[in-house]
Amino acid sequence: MSPGMVMSEESRKDDFDSLETQYKKGVKHLFDNGIEHVPRKYILPASERPNVVHEKSTGDVDNANLKLPIIDFAGLQGPNRSQVLNSLASACENYGFFQLVNHGIPYEIINNVVGVSKRFFEMPYSEREKYMSADINSPVRYGTSYNQRTDGVFCWRDFLKLVCQPLPDVLPHCPSSPNDFRTLAVSYAKEVKFLFLMLVDAILESLGLMNKRNVTQKDDDKDEDEDKEKEEEILKEFEDGSQLMILNCYPPCPQPDLTLGMPPHSDYGFLTLLLQDEVKGLQIQHQENWVTVEPIPGSFVVNVGDHLEIFSNGRYKSVLHRVLVNSMNYRISVASLHSLPFESTVQPCPKLISETNPRRYMDTKFSSFLEFLKSRDSTKKNFLESRKLTS
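The rules behind each value
Residues numbered from 1 in each chain as written. Predicted model: local features only at pLDDT ≥ 70, side-chain atom pairs only at ≥ 80, totals over all residues. Heavy atoms only, no water. Helix = DSSP H or I, 4+ residues; strand = E, 2+ residues; numbered from the N terminus. Buried < 20%, exposed > 50% of the residue type's maximum accessible area, 1.4 Å probe, protein only. Contact = heavy atoms within 4.5 Å. Areas by Shrake-Rupley, 256 points an atom, 1.4 Å probe, with all protein chains shown as cover. Expected span 1.5 Å × (residues − 1). Arc of directions from axis to C-beta. pLDDT = per-residue confidence, 0-100. Salt bridge = Lys/Arg side-chain N within 4 Å of Asp/Glu carboxyl O. Patch = residues over 30% accessible without salt bridge, like charges linked within 9 Å, V, L, I, M, F, W, Y side chains within 5 Å. Lys, Arg positive; Asp, Glu negative; His and termini not counted. Charge placed at Lys NZ, Arg CZ, Asp CG, Glu CD. 1 Å grid on protein atoms, 1.4 Å probe; cavity = no way out; pocket = protein on both sides within 12 Å on 5 of 7 lines; lining within 4 Å. Points joined across faces, edges and corners; volume = space filled by probe spheres on them. Nonpolar A, V, L, I, M, F, W, Y, C, P; charged D, E, K, R; others polar. Pairing = 2+ DSSP bridges. Disulfide = S-S within 2.5 Å. Polar contact = N/O pair within 3.5 Å; in protein donor to acceptor, adjacent residues only side chain to side chain. Phe/Tyr/Trp six-rings, centres within 6.5 Å; stacked < 30°, edge-to-face > 60°. Lys NZ or Arg CZ within 6 Å of the ring centre and 35° of its normal.

Chemist: Break down the overall build of the protein for me, citing the residues and quoting the values.
Modeler: Looking only at helices and strands, one finds 11 helices and 15 strands in the protein. Looking at the protein as a whole, 51% of its 391 residues are labelled buried. Long-range contacts, defined here as pairs at least 24 residues apart, represent 77% of the contacts in the protein between residues at least 6 apart. Summed over its atoms, the accessible surface of the protein is roughly 18500 Å², and 50% of this surface lies on carbon and sulfur atoms.

Structure below.
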């Protein structure tokens, strides 16, 4: 081999390493440096592209829109609770998603967390990179794409992940810039955890697992007392459960038809509560079509996770979703993923298994979900499908 050929190969390797370094700095860094074309690293195969044909002047992608079922959280506290629970069950069975309104979290807290998220991503890269890591076990982690260690094609997203349970242990690692970041993030994390626990109570009741009795009813029935203890044990597990908060930034993309903000995937947890700004982008797979979710200002988009699908023995479905990007507007979202404690085993609830409804999923350690996320392609529902029992 001639020296010229050796130099050529070394030069190509250096160029490749240089590009890889640039990509791992994130798409916000690329956008800030005036990128005009989507690099090859971000271009999806033609069959996986989002098929964005038109764009409106606002930057919103012009796709078929979907109005998700709307659950009025305030209705769960009043005389119409049973009707709202029926609507909740229908949404989890038929959509895997719903919009939650009248949830009780003050507008100021919601507005503050979206605002401070945007200000974090607007900081110079030298500030953001202090928290950059490819280790998915890091309690505070700034990163890009979906999993930059394993993604063959990167996606057009930067994120900051914060493990929020227990908060006192994570707080010292949280970003100190912007200077109000910790205060606003912790305030939001506490509010959304309380909301999640209220939703879990409703989810369990909608599955027939919680016995809401009249307060005047006597508790002298031993079986009812035992059921009540089991209910309290289940709720206690979720009180001590995991909470992961993810701040997402989707900068404008020069060629949004070639890439995605996030590829098709399901969430691994029990429930995800997503707060998004008014820029469209979230799509769910409904009746074999990709449809764009219409944002409702101040609401949460709530979706069933893989753990709830297993827990409900397949009655409630986790659904594939993805994120489109656009060439005009930033999109900011804050996702809060909630589930059982990290050391738990995820399994179908025994009370939901019967001769007519046999067990459909094998017991799976929570850690196995996390290992799968870390080690390989975790898009679509590959791991959940592997947990299904064939008999």
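Continuing now.
Chemist: Give me the lowdown on helix α4 (residues 107–122), citing residues and values where you can.
Modeler: One full turn of an α-helix is made of 3.6 residues, so residues set three or four places apart face in the same direction. Helix length check: α4 (16 residues) gives 23 Å between terminal C-alpha atoms against 22 Å at 1.5 Å per residue, within 8%. For α4, every residue scored as buried is listed here: Ile 109, Ile 110, Val 113, Val 114, Val 116, Ser 117, Phe 120 and Phe 121. All buried residues of α4 project into a common sector of 165 degrees when viewed along the axis, lining one side. Residues Tyr 107 and Glu 108 are exposed on α4 and point more than 90 degrees away from its buried face.

Chemist: Give me the lowdown on the confidence of the model for the protein, citing residues and values where you can.
Modeler: Do not read the predicted coordinates in detail wherever pLDDT is low. Mean pLDDT for the protein: 86, with 86% of residues reaching 70 or above. Here residues 53–62 scores under 50 on pLDDT; set against residues more than four positions off or in separate chains, the count is 21 contacts. Per-residue pLDDT stays below 50 along residues 213–218; that stretch engages in 5 contacts with residues further than four places along the chain or on separate chains.

Chemist: Tell me what's going on with the pattern of salt bridges, and back it up with residues and numbers.
Modeler: Under the definition given, this model contains 11 salt bridges. For Lys 236, the salt bridge goes to Asp 240, with nearest N and O atoms at 2.6 Å. Judged by its relative accessible area of 42%, Lys 236 is partly exposed. Among the residues examined, Asp 240 registers a relative accessible area of 41% and is labelled partly exposed. Between Lys 388 and Glu 385 there is a salt bridge, with the nearest N and O atoms lying 3.3 Å from each other. Given a relative accessible area of 34%, Lys 388 falls into the partly exposed group.

Chemist: Go over a negative patch on the surface with me, naming the residues and quoting the values.
Modeler: Side chains of Glu 229, Glu 232, Glu 233, Glu 237 and Glu 343 sit close together on the surface and give a patch of like negative charge. Here Glu 233 is to be found in helix α8 (residues 222–239).

Chemist: Report on the layout of surface pockets, specifying residues and quantitative values.
Modeler: Each pocket or cavity is described by its volume, and for the largest pocket that value is around 710 Å³. If you trace the largest pocket, you find 35 residues lining it, with Lys 161, Leu 244, Ile 246, Tyr 268 and Leu 337 closest to the centre. Of all the elements in the fold, those that place two or more residues in the lining of the largest pocket are β5 (158–163), β6 (243–250), β7 (262–265), β8 (271–276), β12 (321–323), β13 (331–338) and α10 (366–375). The residue makeup of the lining of the largest pocket, split by class, is 19 nonpolar, 11 polar and 5 charged.

Chemist: How would you summarise the sheet that holds β7 if you had to cite specific residues and measurements?
Modeler: Ordered by their spatial adjacency, 5 strands build an open sheet running β1-β10-β9-β12-β7, and the pairing between neighbours is mixed. Edge positions in the open sheet fall to β1 (65–66) and β7, since each of these has one partner strand only. Where strand β9 (residues 282–286) and β12 come together, 3 bridges link them in antiparallel fashion. Considered in β12, the bridge of Ile 284 is made with His 321.

Chemist: Go over the state of the cysteines with me, naming the residues and quoting the values.
Modeler: As enumerated under the stated definition, the model contains 0 disulfides in all. Cysteine Cys 174 remains unbridged, with the sulfur of Cys 164 as its closest cysteine sulfur at 7.0 Å.

Chemist: Lay out unusual backbone geometry with the relevant residues and their values.
Modeler: For the bond running from Gln 165 to Pro 166, omega is -5 degrees, close enough to zero to count as cis. Tracing the backbone through its elements, the reader meets Pro 166 in the loop between β5 and α6 (167–170). Across the junction of Ser 177 and Pro 178, the peptide omega takes the value -5 degrees, indicating a cis bond. At Gln 287, a residue that is not glycine, the phi angle is positive and equals roughly 50 degrees. Looking at the secondary structure, you find Gln 287 in the loop between β9 and β10 (289–293). In this structure, Asn 313 is a non-glycine residue whose phi angle is positive, near 55 degrees. Within the secondary structure, Asn 313 sits in the loop between α9 (306–311) and β12. Here Asn 313 falls in the buried class, since its relative accessible area comes to 2%.

Chemist: How would you sum up the environment of Asp 201? Please name residues and give values.
Modeler: Locating Asp 201 in the fold gives a position in helix α7 (residues 181–206). Residues Asp 201 and Leu 235, 34 residues apart in the sequence, show an inter-C-alpha distance of 7.4 Å. At a separation of 3.2 Å, a polar atom in the side chain of Asp 201 contacts the side chain of Arg 81.

Chemist: I'd like to hear about the packing of aromatic side chains, residue by residue, with values.
Modeler: The relation between two aromatic rings is expressed through the spacing of the ring centres and the mutual angle of the planes. This structure, assessed with the given rule, holds 16 aromatic pairs. Measuring from ring centre to ring centre gives 5.5 Å for Tyr 23 and Tyr 42, while their planes differ by 85 degrees; the resulting arrangement is edge-to-face. Here Tyr 23 is found in helix α1 (residues 3–23), whereas its partner Tyr 42 is found in the loop between α2 (27–32) and β1, with 19 residues between them in sequence. An aromatic cluster is defined as three or more aromatic residues linked by ring pairs; in this entry it consists of Phe 120, Phe 121, Tyr 131, Tyr 142 and Phe 181. Against the face of Phe 159 rests Lys 161, its NZ or CZ located 5.0 Å from the ring centre.

Chemist: A description of the pairing of β10 should follow, citing residues and the corresponding values.
Modeler: The sheet contact formed by β1 and β10 spans 2 bridges and is parallel. Looking across to β10, one finds that Asn 65 is bridged to Thr 292. Between the end of β9 and the start of β10, which pair antiparallel, lie 2 residues, with Gln 287 showing a positive phi angle near 50 degrees.

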